[in-house]
Amino acid sequence: MPVVNRIADMSDDMTAWRRHLHTIPELGLECHQTAAFVAERLREFGVDEMHEGIATTGIVAIINGQGEGPTIGLRADMDALPMSEETGLEYASKHEGRMHACGHDGHTAMLLGAAKYLSETRNFSGRVALIFQPAEEFGGGGEVMVREGIMDTFEISQVYAIHNAPGKDFGSFNTRPGPIMAAADTFHIHITGKGGHAARPHDSIDPVVAACSLVQALQTIVSRNRNPLDQLVISTTQIHTGTTDNVIPETCYINGTVRTFDKEVQAMVVRRMEEIVAGQAATFGLEAELKIEFGYPPTVNDAQKTVFASEVAGEVAGEAGVHETNPVMGAEDFSYMLEKRPGAYLMLGQGDGAGVHHPKYNFNDDIAPIGASFFVRLVERAQPVAGS
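All residue numbers refer to positions counted from 1 along the written sequence of the respective chain. Restriction of local features to residues with pLDDT of at least 70 applies here, the model being predicted, together with a cutoff of 80 or more for giving and counting side-chain atom pairs; totals for whole chains, interfaces and linings are based on all residues. Side-chain numbers here rest on the full set of heavy atoms in the structure, without hydrogens or water.

A. Inspection of the overall build of the protein chain at higher detail. Starting at the N terminus, helices and strands are each numbered in turn, a helix being any DSSP run of H or I of at least four residues and a strand any DSSP run of E of at least two. Counting secondary structure elements, the protein chain contains 11 helices and 16 strands. With respect to the principal axes defined by its C-alpha atoms, the protein chain has extents near 85 × 45 × 40 Å. Throughout this description, buried means an accessible area under 20% of the type-specific maximum (1.4 Å probe, protein chains only), exposed means over 50%, and partly exposed covers the range between. Per-residue burial over the protein chain gives 54% buried out of 388 residues. Of the contacts made within the protein chain by residues no fewer than 6 positions apart, 82% connect residues no fewer than 24 positions apart. Carbon and sulfur atoms form 48% of the exposed surface of the protein chain, whose accessible area is close to 16300 Å². Considering the protein chain, the positive charge centre built from 29 side chains and the negative charge centre built from 51 side chains are found 2 Å apart. Throughout, a residue-residue contact means that at least one pair of heavy atoms, one from each residue, lies within 4.5 Å. Here the accessible surface of atoms and residues is derived via Shrake-Rupley with a 1.4 Å probe, and residues count as covered only by protein chains that are part of the display. The charged-residue count follows a simple rule in which Lys and Arg add positive charge and Asp and Glu add negative charge, with His and chain termini not counted at all. Taken as the charge centre is NZ of Lys, CZ of Arg, CG of Asp or CD of Glu, depending on the residue.

Structural data, given as structure tokens:
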């Protein structure tokens, strides 16, 4: 596999960086230790500009190439998940209840490796903007960085990101033009009935029975209101009510997620949810309130940039190592950057092992040189030095 030789020489460094970051997982926008570590490394590498404190702890570092040209953005996420680690690793999380269970420590290490190489060689024109982003898992750090103006301030013309992919062939790249990850919205339903003694249900208005019926009715949106060719997931994930066996509770809370790729499908779901909630409330003679929080939009790859990124990935992994993947129903806030600039999001296979968001997950350090090589070849191919 043609990993760039200089980057292959950095393998031990990237492993050390990644494993240190793994010990200090941080959540949301509050990635202070992580950002400090990243900033220290970037200063050592000799980047030309360092812009800190974007979206609280985000960083944009600029490396100037040879001569005039556009600016290409490369993004890595830095945050972890609020869960306990069960790996037993010597470099396991030192922060109880927090874990790098999605490999953002590895994404950061890959981009640091690319940063070191690009700072040394500068075999490109224009500029590279290295985007180290907090709060991908929750908090929408990508949206915050875009809202704070990074695309315009740094004149970024195109933008790319990689995510590790357990279960995909080691070292393979997986991507597709168009939608690759879904929009993620959250629904909250608050039901208010009339509590009372469980032995006298006729004196109460039972929110538990209404909740059971309501959850089943919501499933008909997928089975009966959706075009079978449209991708849609509606999952009810929480029902909270009651305190004991002989009391009919007064209230009930229902919570869940909606995943879509298309705005018309998303609008249909909202309309049908409103109708179903109102109808069920009338059926059972109680009150029900629906609230929908619109989350990350779908992650949509630019068609031309995806072809280009796939060609570059083929240089690193070989043509047989680049695959067009199916869309997945997970969500990603890199979507906000792709809404503002053309680019592509790719998944890098790391072989067998626990999946992301699992307490036994661990990033495979052996893919870091592959990801870093992709980043640097992407820059050199997108913005070649004049006359080269």
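B. Structural context of the nonpolar core. By nonpolar core we mean a set of buried residues, namely Ala, Val, Leu, Ile, Met, Phe, Trp, Tyr and Cys, connected to one another through side-chain atoms within 4.5 Å. By size, the foremost hydrophobic cluster in this structure holds 62 residues, and its most contacted members are Leu42, Leu74, Leu130, Phe132, Phe173 and Phe374. A total of eight residues in this core trace back to one element, the largest contributor, which is helix H11 (residues 368–382). What Leu42 contacts, discounting residues up to four positions off in sequence, is Val47, Met50, Ile59, Ala61, Leu112, Ala115, Leu130 and Phe132. Core analysis: the next-biggest nonpolar cluster, separate from the first, contains 25 residues, Ile62, Ala161, Met181 and Leu338 among them.

C. Spotlight on the state of the cysteines. Cysteine sulfur atoms are paired as a disulfide whenever they fall within 2.5 Å. Here the structure, examined in full by the defined rule, presents zero disulfides. Between Cys102, a free cysteine, and Cys31, which holds the nearest cysteine sulfur, the sulfur-to-sulfur gap is 13 Å. Residue Cys212 stays outside any disulfide, its sulfur separated by 7.8 Å from that of Cys252, the closest cysteine. Among the residues examined, Cys212 registers a relative accessible area of 46% and is labelled partly exposed.

D. Focus on the layout of surface pockets. A volume near 750 Å³ is recorded for the largest pocket. In this analysis, the protein atoms alone were mapped onto a 1 Å grid. Cavities are point sets where a 1.4 Å probe fits without being able to get out; pockets are open sets with protein on both sides within 12 Å along at least five of seven lines; lining residues have an atom within 4 Å of a point. The wall of the largest pocket is formed by 36 residues, among which Glu136, Arg259, Gly330, Ala331 and Glu332 lie closest to the centre. Considering every element that reaches the lining of the largest pocket, the biggest residue donor is strand S12 (residues 251–260), with four residues. Following the grouping adopted for this structure description, the nonpolar residues are Ala, Val, Leu, Ile, Met, Phe, Trp, Tyr, Cys and Pro, the charged ones are Asp, Glu, Lys and Arg, and the polar ones are all others, Gly among them. Along the lines of polarity and charge, the residues of the lining of the largest pocket split into 15 nonpolar, 13 polar and eight charged. Grid points are joined across faces, edges and corners, and a volume is the space filled by probe spheres set on the points.

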